Amino acid sequence: ASFCTRLSLFFIKRHKPILIYFARGFYFNDSQNIISWLFSYLIEVLLLFKTHTILSQSIEDIKKMKFFLNIFKIKFFWVGNGVDSKFFYTPLSKKKDYIHFVTTCRITPGKGLEDLLVVFNSLIKKHSNIKLTVIGGAVSNSDKIYLANLLNKKSIFKEKTYIEITGIISDVTNKLRQCNYYIHPSYREGVPKSLLEAMSVGLVVLASNIRGAREIIINEKNGFLYKVKNKRELYNQMEK
């Protein structure tokens, strides 16, 4: 939507619209190879010609675009991200006889769910006192197809008694409070609100080292980071 809107401004001749672009995340991201990354970066540079002000959730994006933002004299502000403290707050700790991992996401490619399920199934072989909850569901038809294929893959979804997929729910806060550790295995993000929500509830968080996540987490200070798509490192961190 942002791409189409900004591109359309190149063809408006009669008026001079002022465009303020609120960027959850620019098109270039950690999951791309160098060619697609450069192509995405050049698209963002091109679209700057019709942009007057940028509000970015990611400070890393601002730094990577700052050279061209200054050349084109575009106003830019880092606005970050946050959660509503009325709904997300640290609960009283409760002792449990099992370890409960959780993640929150739309069930769609690129969220790293397959990595998480593979690693969790490996952990089950060694530790029987663990559970995994996936808070979220399929939104589009392609998401539903992806979810169906995911459930049919016995190699990554064989321990169903230890895994729960909630579907789309409204009471995320209380679901998070039932858990101990939050896993964020996504391949790309802006500045993930779900990670902030988990931290606000008081969970220990482990996330892939991607844009947005590494802006929130200082490794081994307020959470843990692992190399994106690296299942071995994810396994070791979850076991730790």
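Keep in mind that this is a model prediction, so the values were computed, not measured. Residue positions are counted from 1 within each chain, in the order its sequence is given. The predicted origin of the model limits local features to residues at a pLDDT of at least 70 and limits the giving and counting of side-chain atom pairs to 80 or more, whereas totals for whole chains, interfaces and linings rest on all residues. Values reported for side chains reflect all heavy atoms of the structure, with hydrogen atoms and water molecules removed beforehand.

**Some details on unusual backbone geometry**
In this model, lysine 73 sits at a positive phi of 55 degrees, which is unusual for a non-glycine residue. Numbering goes from the N terminus for both helices and strands, where a helix is a DSSP run of H or I of at least four residues and a strand is a run of E of at least two. Following the sequence through the fold, lysine 73 ends up in the loop between α3 (59-71) and β3 (75-78). Residue glutamate 220 is not a glycine yet carries a positive backbone phi of 65 degrees. Within the fold, glutamate 220 resides in the loop between α8 (213-216) and β9 (224-226).

**Quick notes on the state of the cysteines**
What counts as a disulfide here is a pair of cysteine sulfur atoms lying within 2.5 Å. The tally for this structure, following the rule as stated, stands at zero disulfides. Free of any disulfide, cysteine 179 has its nearest cysteine sulfur in cysteine 105, 13 Å distant.

**Quick look at the nonpolar core**
Only buried residues count toward a nonpolar core, which is a set of Ala, Val, Leu, Ile, Met, Phe, Trp, Tyr and Cys residues joined through side-chain atoms within 4.5 Å. We call a residue buried when its accessible area falls under 20% of the maximum for its residue type, exposed when it is over 50%, and partly exposed in between, using a 1.4 Å probe and counting protein chains only. Formed by 24 residues in total, the largest nonpolar core has its most connected members in Phe101, Leu113, Phe120, Leu132, Ile183, Leu234 and Met238. Where this core is concerned, the elements lending two or more residues are α4 (113-126), β5 (130-135), α5 (141-152) and α9 (231-239). At seven residues, α4 tops the list of elements feeding residues into this core. Residues Leu176, Cys179, Ala207 and Ile217 belong to the second largest nonpolar core, which totals 20 residues.

**A closer look at the layout of surface pockets**
In this analysis a 1.4 Å probe is tested at points of a 1 Å grid over the protein atoms alone, and where it fits but cannot get out there is a cavity; an open set with protein on both sides within 12 Å along at least five of seven lines is a pocket; lining residues have an atom within 4 Å of a point. Grid points are joined across faces, edges and corners, and a volume is the space filled by probe spheres set on the points. What the largest pocket holds in volume is close to 900 Å³. What lines the largest pocket is a set of 38 residues, among which Arg24, Lys111, Glu189, Pro192 and Lys193 lie closest to the centre. Elements supplying a minimum of two residues to the lining of the largest pocket: β1 (20-23), α6 (172-177) and α7 (193-201).

**Section: the side chain of lysine 175**
Tracing the chain through its elements places lysine 175 in helix α6. Given the relative accessible area of 18%, lysine 175 is considered buried. Any pair of N or O atoms that falls within 3.5 Å is considered a polar contact. Within protein, one atom must be able to donate a hydrogen and the other to accept it, and sequence-neighbouring residues count only if both atoms are side-chain atoms. For lysine 175, the side chain forms a polar contact with the side chain of glutamate 164, separated by 3.1 Å. Here a residue-residue contact requires only that any non-hydrogen atoms of the pair lie within 4.5 Å. In this view, lysine 175 contacts Thr133, Ile135, Glu164, Thr166 and Ile169; residues no more than four positions away in its chain are not counted.

**Focus: the pattern of salt bridges**
Where side chains of opposite charge bring their charged atoms close, a pairing between them can arise. A pair is scored as a salt bridge if a Lys or Arg side-chain nitrogen falls within 4 Å of a carboxyl oxygen belonging to Asp or Glu. This model, assessed by the stated rule, comprises 11 salt bridges. The salt bridge partner of arginine 106 is aspartate 143, with a shortest N-O separation of 2.5 Å. On the criterion of sequence distance, the pair formed by arginine 106 in the loop between β4 (99-104) and α4 and aspartate 143 in helix α5 is long-range, its members being 37 residues apart. The class for arginine 106 is partly exposed, based on a relative accessible area of 40%. The class of aspartate 143 is buried, set by a relative accessible area of 1%.

Worth remembering: the numbers are spatial, not functional.
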